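If you want the building blocks of each chain, they are given just below.
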Amino acid sequence: MNIRLNEQLIATTATTLFALRDAHQPDADVLIVNGFPVRADQPLGEGDQVVLIKRGAVPDAAEMEALLTARHTPGVHQRIKSATVGIAGAGGLGSAIAIALARCGIGRLIIADFDVVEPSNLNRQQYFIDQLGLPKVDALRANLQRINPFVKVAAFYGRLDHENLPQVFAMADVLVEAFDAPDQKAMLVENWRKAHPERPLVAASGMAGFGTANTIATRRVGENFYLVGDETTAAAAGCGLMAPRVGVAAHHQANAVLRLLLGADPVGDNHG
Amino acid sequence: MKITLNGKEILVGNPLSIVALLAEHDLDSTRVAVELNREVICANAFATTLLSDGDSLEIIHFVGGG
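All values reported here derive from a predicted model rather than from experimental measurement.

Caption draft 1: Structural detail: the overall build of chain A. Looking only at helices and strands, chain A features eight helices and twelve strands. Along the first, second and third principal axes, the C-alpha atoms of chain A reach 65 × 40 × 35 Å. Buried positions account for 49% of the 272 residues belonging to chain A. Considering only contacts within chain A whose residues lie at least 6 apart along the sequence, 64% involve residues at least 24 apart. Looking at chain A, you have 24 positive and 28 negative side-chain charges, and the mean spots of the two groups are 1 Å apart.

In structure tokens, the structure reads:
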């Protein structure tokens, strides 16, 4: 009988759940059959999907890769895994983008930020209350490691400028602009477009407040240059940055990156 | 002369520098990214770059937040 065990198709002689567990992972204490946790033994049928988990155990690199490969369309995982993405800024945009890409199983992230985690960041940035005062790049790296320890993370703690930007992101296949300050955004775009016109850039502008999320879009500005946001709503008194719209923009950016890595047009309707 | 600004044709005076065009549109030159005929123009060249009839210009004006 063929069943899918922990996302891998296997042939087994086991006809019940407990027999399967005893044969493959006797220490498993959480048993999931076709998406539902079960406690009692039950017969298995052809094509059933079984996941066996030992609580608290961390899968090794090969197991993690098998899980992600199975989750993604064949061929997709390999391309994501071999990619390096640079993220300039680890605030509301950058922290969420990094987490989305890490969950996808991205090979390498280069994160850069000069800031530390402040209480006011917690309304939208992907940090925890026990990380207040830590450099954002250190806190983010720690959070990414908890999600997927096999993503390689290089961190730059400092201010990015015309001088260091090309070096910090020298290895990046794609760069994400995730700054807060508009002059920094402009500086990065000019710098990267001059230094690496052949390497895609995904920038963002306009995601403050709680207006409709439907005005946040991804558009192509030029060759290898994409812009996310509503392009008008600045962070200001009475129109602060809030988790939902910042998250929408961040995930537009992450999705644009994913599509670029998979050879799909970020603003087209093809699936790569 | 006629130029295309962010996909729209507009009539502008001649001569016109990028810095003057930005001022006409109330755009802060430290917060923009400018591409002239698909070529990136650095901020330090805004004042010396003159536009020509038929030019195509893309100006991204960044707003704060991230």
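Resuming the write-up.
Caption draft 2: Just the nonpolar core, in detail. Counting 47 residues, the largest nonpolar core has Val85, Ile87, Leu93, Ile97, Leu101, Ile106 and Leu109 of chain A as the members making the most contacts within it. Setting aside chain neighbours within four positions, we find Leu93 of chain A in contact with Ala178, Phe179, Lys185, Ala204, Met207, Val246, Ala249, Ala250 and Gln253 of chain A together with Gly65 and Gly66 of chain B.

Caption draft 3: Spotlight on the pairing of strand S3 (residues 30-33) of chain A. All names here are of chain A. Both faces of S3 are covered, namely the face carrying Val30 and Ile32 and the face carrying Leu31 and Val33. Pairing of S3 with strand S5 (residues 49-53) involves four bridges; the strand directions are antiparallel. Following the sheet pairing, Val33 is matched in S5 by Val50. Bridge analysis of S3 against strand S4 (residues 36-38) gives three bridges, and the strand direction is antiparallel. Within the sheet, the bridge partner assigned to Ile32 lies in S4 and is Pro37. Taking the residues that link successive antiparallel strands as the turn, the S3-S4 hairpin has two residues, and the phi of Asn34 there is positive, at about 50 degrees.

Caption draft 4: Up close: the sheet that holds strand S7 (residues 108-113) of chain A. All names here are of chain A. Pairing within the open sheet is mixed, and its seven strands lie in the order S8-S7-S6-S9-S10-S12-S11. This sheet does not close on itself; its edge strands, each paired only once, are strand S8 (152-157) and strand S11 (217-222). Ignoring which end each strand starts from, the neighbouring axes of this sheet average 20 degrees apart.

Caption draft 5: Here's a closer look at helix H4 (residues 92-104) of chain A. Residues and elements named next belong to chain A. The end-to-end C-alpha distance of H4, which contains 13 residues, comes to 19 Å, matching closely the 18 Å that a straight helix rising 1.5 Å per residue would cover. In terms of burial, H4 is largely enclosed, as twelve of its 13 residues are buried. When H4 is considered as a whole, its buried residues turn out to be Gly92, Leu93, Gly94, Ser95, Ala96, Ile97, Ala98, Ile99, Ala100, Leu101, Ala102 and Cys104. Gly105, located one to two residues past H4, shows a positive phi value of around 90 degrees.

Caption draft 6: The side chain of Asp230 of chain A, seen in detail. All names here are of chain A. Assignment of secondary structure puts Asp230 in the loop between strand S12 (225-229) and helix H8 (243-261). At 2.8 Å, the side chain of Asp230 and the backbone nitrogen of Thr232 are in polar contact. Setting aside anything within four residues of it in sequence, one finds Asp230 in contact with Ser205, Gly206, Met207, Thr215, Ile216 and Arg245.

The rules behind each value
Residues numbered from 1 in each chain as written. Chains lettered and ligands numbered in written order. Predicted model: local features only at pLDDT ≥ 70, side-chain atom pairs only at ≥ 80, totals over all residues. Heavy atoms only, no water. Helix = DSSP H or I, 4+ residues; strand = E, 2+ residues; numbered from the N terminus. Buried < 20%, exposed > 50% of the residue type's maximum accessible area, 1.4 Å probe, protein only. Contact = heavy atoms within 4.5 Å. Lys, Arg positive; Asp, Glu negative; His and termini not counted. Charge placed at Lys NZ, Arg CZ, Asp CG, Glu CD. Core = buried A, V, L, I, M, F, W, Y, C linked by side-chain atoms within 4.5 Å. Pairing = 2+ DSSP bridges. Axes fitted to C-alpha atoms, helices over the stretch in contact; angles between N-to-C directions. Expected span 1.5 Å × (residues − 1). Polar contact = N/O pair within 3.5 Å; in protein donor to acceptor, adjacent residues only side chain to side chain.

Note that every value here comes from positions in space, so none of it alone points to a role or purpose.
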